[in-house]
Structure formats: structure tokens, C-alpha cells
Amino acid sequence: MHEIQVNKEKCRTNHWCVGINSCPQKAISQSDKSVYPVVNPFKCIKCSICIDLCPFGAIERKKVN
Ligand code: SF4
């Protein structure tokens, strides 16, 4: 099983994540631009739009379980 996750080693923060407005499921949230965005695995449909858009390659498909 896979989940879409933010890689904190690649995410630069200090900007609003492009995925917030691009995600068709509104699965990405970020309480402030200085903190890491979070992907809600219950809303995410793994469409990969955010993976393609992140300029830092910080959103990744990760194997879980
Ligand atoms: S993979 Fe698609 S549904 Fe999931 S967080 Fe990214 S844009 Fe949203």
C-alpha cells in the first residue's frame, strides 16, 4: 500500500504549498507557510498532481505497511 507524503528533508517551507489549491480532494493542509504541509491519507486519491507540481520534488509516493 502506498501513501502520498511530504518529505521534510526536501520541503523548503516558507511558502504556501502549491498542492493546497491544486489538490482536487483538498487533501493538503498547511496551518502557516512556515510549517510543513500535511497530506490527509483519508481524503487523498493518489492522483499524483501534487507530486508533479512541487518544485522541490518534496511530495512523494511512499510505501507503507
Ligand atoms: S495525490 Fe492528488 S489527491 Fe492526493 S494529495 Fe496529491 S493532489 Fe491531492
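Structure: see above.
Let me begin by describing the structure that accompanies this report.

Cut-offs and rules
Residues numbered from 1 in each chain as written. Predicted model: local features only at pLDDT ≥ 70, side-chain atom pairs only at ≥ 80, totals over all residues. Helix = DSSP H or I, 4+ residues; strand = E, 2+ residues; numbered from the N terminus. Rg over C-alpha atoms; globule rule 2.2 N^0.38 Å. Buried ≥ 20, exposed ≤ 12 C-beta atoms within 10 Å, placed from the backbone. Contact = placed C-beta atoms within 7 Å.

Quick look at the overall build of the protein chain now. Along the protein chain, the regular secondary structure elements total two helices and four strands. Traced from its N-terminal end to its C-terminal end, the protein chain shows the element sequence β-α-β-β-α-β. Here the C-alpha radius of gyration of the protein chain, 11 Å, is about what a compact globule of 65 residues would show, namely 11 Å. The burial tally for the protein chain puts 20% of its 65 residues in the buried class.

Before going further, it helps to spend a moment on the environment of Lys10. Considering the arrangement of structural elements, one finds Lys10 in the loop between strand S1 (2-6) and helix H1 (19-22). The class for Lys10 is exposed, based on 12 C-beta atoms found within 10 Å. Apart from residues lying up to four places away in sequence, Lys10 is in contact with Phe56, Gly57 and Ala58.

What follows deals with the environment of Val64. Mapped onto the fold, Val64 is located in the segment after strand S4 (59-63). Residues Val64 and Val18 lie 46 residues apart in sequence; the distance between their C-alpha atoms is 24 Å. Look past the residues within four positions of Val64 in its chain and what remains in contact with it is Met1, His2 and Glu3.

Another point: unusual backbone geometry. Only a minority of non-glycine residues have a phi that is not negative, and only a minority of peptide bonds are not trans. Phi at Thr13 is positive, roughly 50°, even though this residue is not glycine. Within the chain, Asn14 stands out as a residue other than glycine whose phi angle is a positive 55°.

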